[in-house]
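Coordinate analysis (summary)
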Amino acid sequence: TSLIAASIMSKKLAISNQGLVLDVKTGDGAFMKTLEGAVDLAQCMVEIGQLMQRDVIAMVTEMGIPLGRTVGNSLEVLEAVETLKGKGPKDLVELSCELGGRLLRLGGLAADNKSGYKRILASIEDGTGLRKLEQMVEAQGGKLDSLHNLEISDKTVEVVAEEASYVKSMNALSFGNGAMKLGAGRARKEDKVDFTVGLVIHKKVGDFVDRGESLCTIHYNNDAQLEEVKQQIYNAYTFSTELQPKPKIILAEVDDKGSRFY
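Another aspect to go through is the side chain of His219. Within the secondary structure, His219 is located in strand E8 (residues 214-219). A polar side-chain atom of His219 sits 2.7 Å from the main-chain carbonyl oxygen of Ser153. Each residue touching His219, except ones within four places of it in the same chain, is listed here: Leu75, Ile152, Ser153, Lys155, Thr156, Leu182, Thr196, Val197, Gly198 and Val200.

Structure follows, in structure tokens:
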């Protein structure tokens, strides 16, 4: 934990920022698999920030379930753009506003977390957030057409439910590994990344799915491992005949006042 914290914080503090908000993931899709381990890491990073006279908040957030609805390079960028257009998944919007709201508070631009949250949400609703992203792309020599018209593979296959039920759990790591097998990531450093492939998730924990209804759409180009990925994605779900609660996104928060669990 100490080595991880030192590696992360040395980079974060090198830019001489006074305020820092960290998103510490936990769960099957994260490096820190347990909540206890993630909180320990968060506490260690906050303490490092305090020793450097910085204001640090660490949010411990759920990554046993994929955040948002997409996995894959172009798909995730497109989802980010759609979110800034006000069409984003509820969990992604909520977490972005919670993190951004706290950052505004640390920067003196919001009186408290709630008003910071509202200001981030307002920047989505009035389009200023999207324009800021466009300015970042332009400043780095990028073209806005490439941002708004990303190429996505039109070869698709559906992963469908075998019976009517509620989604009880998901394994985020299986989704990530499945996308990698499609070419969205590298198994070896010499592998070529296919930016056009990935997954679009239609059903998440707490959702009802009918028999034959799509759980996930797979965008692919090479079908060499397609059946394996299709089965892997289906096996990443567990189901129940009973109504399931929606999971929490934020599990804990660590700052100079200590740790709080939600």
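This next bit is on the sheet that holds strand E10 (residues 250-255). Pairing within the open sheet is mixed, and its 4 strands lie in the order E1-E2-E10-E11. For this open sheet the edge positions go to strand E1 (19-26) and strand E11 (258-261), each flanked by a neighbour on one side alone. Direction aside, the axes of adjacent strands within the sheet are offset by 15 degrees on average. Two elements, E1 and strand E2 (residues 55-62), share 8 bridges in a ladder whose sense is parallel. The residue bridging Thr26 from the neighbouring strand is Glu62, located in E2. Relative to E2, helix H2 (residues 35-51) is tilted by about 170 degrees, and along the sheet it contacts E1, E2, E10 and E11. Along the sheet, helix H4 (residues 90-106) contacts E1, E2 and E10; its crossing angle with E1, the most-contacted strand, is approximately 155 degrees.

Hydrogen bonds between backbone groups are what pair the strands of a sheet, and the pairing can be parallel or antiparallel. A sheet is described by the order of its strands in space; here 4 strands give the open sequence E3-E6-E8-E4, paired in antiparallel fashion. Looking at strand neighbours, the two that pair on one side only are strand E3 (70-71) and strand E4 (156-160), the edges of this open sheet. Note that strand E6 (residues 198-201) and E8 share 4 bridges and pair antiparallel. By the bridge assignment, Ile201 is partnered in E8 with Cys216. Contacts from helix H9 (residues 226-235) reach E4, E6 and E8 within the one sheet, and its direction differs from that of E4 by about 35 degrees.

Right, let's get into the pairing of E2. In terms of burial, E2 is largely enclosed, as 6 of its 8 residues are buried. Where the polypeptide runs from E1 across H2 and back to E2, its parallel neighbour, the crossover connection is right-handed. Looking at chain direction, E2 and E10 are connected through 4 bridges and run antiparallel. In the strand pairing of E10, Ala58 is matched with Val254.

What follows deals with the packing of aromatic side chains. Scanning the entire structure with this criterion turns up 4 aromatic pairs. Between Tyr166 and Phe208 the ring centres are 5.2 Å apart and the planes differ by 65 degrees, which places this aromatic pair in the edge-to-face class. Taken together, the positions of Tyr166 in strand E5 (residues 165-170) and Phe208 in strand E7 (residues 208-209) put the pair 42 residues apart, joining distant regions of the chain. Of the residues examined, Tyr166 reaches a relative accessible area of 21% and is grouped as partly exposed. For Phe208, a relative accessible area of 39% puts it in the partly exposed group. When the ring of Tyr234 is compared with that of Phe239, the centres are 5.8 Å apart and the planes differ by 35 degrees; the resulting orientation is tilted. Here Phe239 falls in the partly exposed class, since its relative accessible area comes to 25%. An aromatic cluster is built from Phe175, Tyr234, Tyr237 and Phe239, whose rings are joined through pairwise contacts.

For the rest of this paragraph, the subject is the side chain of Thr70. Tracing the backbone shows Thr70 in strand E3. Look at Thr70 and you get buried, because its relative accessible area is 10%. Within the structure, the side chain of Thr70 is placed 2.9 Å from the side chain of Glu79, a separation counted as a polar contact.

Moving on: the pattern of salt bridges. Applying the stated rule across the entire model yields 16 salt bridges. Among the ionic pairs, Arg102 bridges to Glu253, the shortest N-O distance being 2.8 Å. Separated by 151 residues along the polypeptide, Arg102 in helix H4 and Glu253 in strand E10 bring together distant segments of the chain. A salt bridge links Glu213 to Lys203, with the shortest nitrogen-to-oxygen separation between them at 3.2 Å.

About the thresholds
Residues numbered from 1 in each chain as written. Predicted model: local features only at pLDDT ≥ 70, side-chain atom pairs only at ≥ 80, totals over all residues. Heavy atoms only, no water. Helix = DSSP H or I, 4+ residues; strand = E, 2+ residues; numbered from the N terminus. Polar contact = N/O pair within 3.5 Å; in protein donor to acceptor, adjacent residues only side chain to side chain. Contact = heavy atoms within 4.5 Å. Pairing = 2+ DSSP bridges. Axes fitted to C-alpha atoms, helices over the stretch in contact; angles between N-to-C directions. Buried < 20%, exposed > 50% of the residue type's maximum accessible area, 1.4 Å probe, protein only. Right-handed = clockwise from strand over helix to strand, strands pointing away. Phe/Tyr/Trp six-rings, centres within 6.5 Å; stacked < 30°, edge-to-face > 60°. Salt bridge = Lys/Arg side-chain N within 4 Å of Asp/Glu carboxyl O.

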